[in-house]
Amino acid sequence: MTVEQAPATDNSMDLKGLRLRPGMFMQLQSRAGKDSCEAQFCAAIGGRGIMVVPVDDAQPNGGLHPGETRRVKGFTGIYDYEFDADVIQHFSQPFTYTLLRYPSAVNARRVRSSLRIRTALPAYVRREGCDPVAGVIVDLSAAGAMVATSGEMGAIGESARLHFALVLEGKAYDLNLPASICHGAVNDNGEGYRTGFAFKELSRNDRLLLRHFALLSSEGVD
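Bear in mind the structure is a predicted one, so any value in this text is a computation, not a measurement. (Residues numbered from 1 in each chain as written. Predicted model: local features only at pLDDT ≥ 70, side-chain atom pairs only at ≥ 80, totals over all residues. Heavy atoms only, no water.)

**Points about the packing of aromatic side chains**
This structure, assessed with the given rule, holds three aromatic pairs. Between Tyr81 and Phe83 the ring centres are 6.1 Å apart and the planes differ by 15°, which places this aromatic pair in the stacked class. Assigned by exposure class, Tyr81 and Phe83 land together as buried. Pairing Phe95 with Tyr97 gives two aromatic rings, centres 5.1 Å apart and planes at 45°, and the pair type is tilted. Since its relative accessible area comes to 10%, Tyr97 is described here as buried. Taken together through their ring pairs, the aromatic side chains of Phe91, Phe95 and Tyr97 make up a single cluster. (Phe/Tyr/Trp six-rings, centres within 6.5 Å; stacked < 30°, edge-to-face > 60°. Buried < 20%, exposed > 50% of the residue type's maximum accessible area, 1.4 Å probe, protein only.)

Right, dumping it as structure tokens:
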């Protein structure tokens, strides 16, 4: 279990509950499972339709045909989801997109408790009785962080503090967060380590900063 994972739970919900953002990728599979195309979510129209942009250059409109039903699958960063949607029509104005019918319900499986985003934030890991160790936060959420370092950080359950800075809307925030080690492994290339840290006893302000940073980063906002 990674630092931000939660026990997986299945739920039926409205599409709005997924909080899909423009640019998110989806897989659109035929009912027979033989044909599949990739598309990017664009927008949902008032509970009536979903605008997607197929990205399969090998086939016009991604091989989607009006009147057929596709199984739509994707991952939001928190939920694995799937639902059936009819292909309604292709449009070329104001840009090229395909309109799908809005689903009556979405089958969503929550697999993370917090949105995790990839980063490259310089950080220091401070353990009691040890010198600070420089590292890089390679992914971050309101629940924890994965930190890349040249050496091993310690045993699972050991306490530490992560010191790093976030820049939000042009303002820098210096964070010094209590955490515990929950995972550690050698990098795939055999050089250096990646250590998962779970944050603990965060202040309300620190938690809000982390959530806001993750949300803005996931939307591509600096």
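**Details of the nonpolar core**
In this structure, Leu140, Phe164, Phe197, Phe199 and Leu210 are the most contacted members of the largest nonpolar core, which totals 27 residues. Among the secondary structure elements, those contributing two or more residues to this core are β9 (117-126), β10 (133-140), β11 (144-149), β12 (159-168), β13 (171-186), β14 (193-199) and α1 (204-218). Not counting chain neighbours up to four residues away, the residues in contact with Phe164 comprise Leu121, Pro122, Ala123, Ile137, Leu140, Tyr173, Asp174, Leu175, Leu177 and Leu210. Leu15, Tyr81, Val87 and Ala108 belong to the second largest nonpolar core, which has 24 residues in total. (Core = buried A, V, L, I, M, F, W, Y, C linked by side-chain atoms within 4.5 Å. Helix = DSSP H or I, 4+ residues; strand = E, 2+ residues; numbered from the N terminus. Contact = heavy atoms within 4.5 Å.)

**Looking at the pairing of strand β5 (residues 69-75)**
Pairing analysis gives five bridges linking strand β2 (residues 25-30) to β5, with the strands arranged antiparallel. Residue pairing across strands places Ser30 opposite Arg70, the latter belonging to β5. Two elements, β5 and strand β6 (residues 79-91), share seven bridges in a ladder whose sense is antiparallel. From the neighbouring strand, Arg71 faces β6, where its bridge partner is Asp84. (Pairing = 2+ DSSP bridges.)

**What to know about the pairing of β10**
Bridge count for β9 against β10 is seven bridges, and the pairing is antiparallel. Looking across to β10, one finds that Arg118 is bridged to Asp139. Remark: six residues form the turn of the hairpin made by β9 and β10, two consecutive strands paired antiparallel; Gly129 in that turn has positive phi of roughly 80°. As defined by bridge partners, β10 adjoins β11 across four bridges and the pair is classed as antiparallel. Looking at β11, one finds that Asp139 is bridged to Met146. Here β10 folds back onto β11 in antiparallel fashion, the turn holding three residues.

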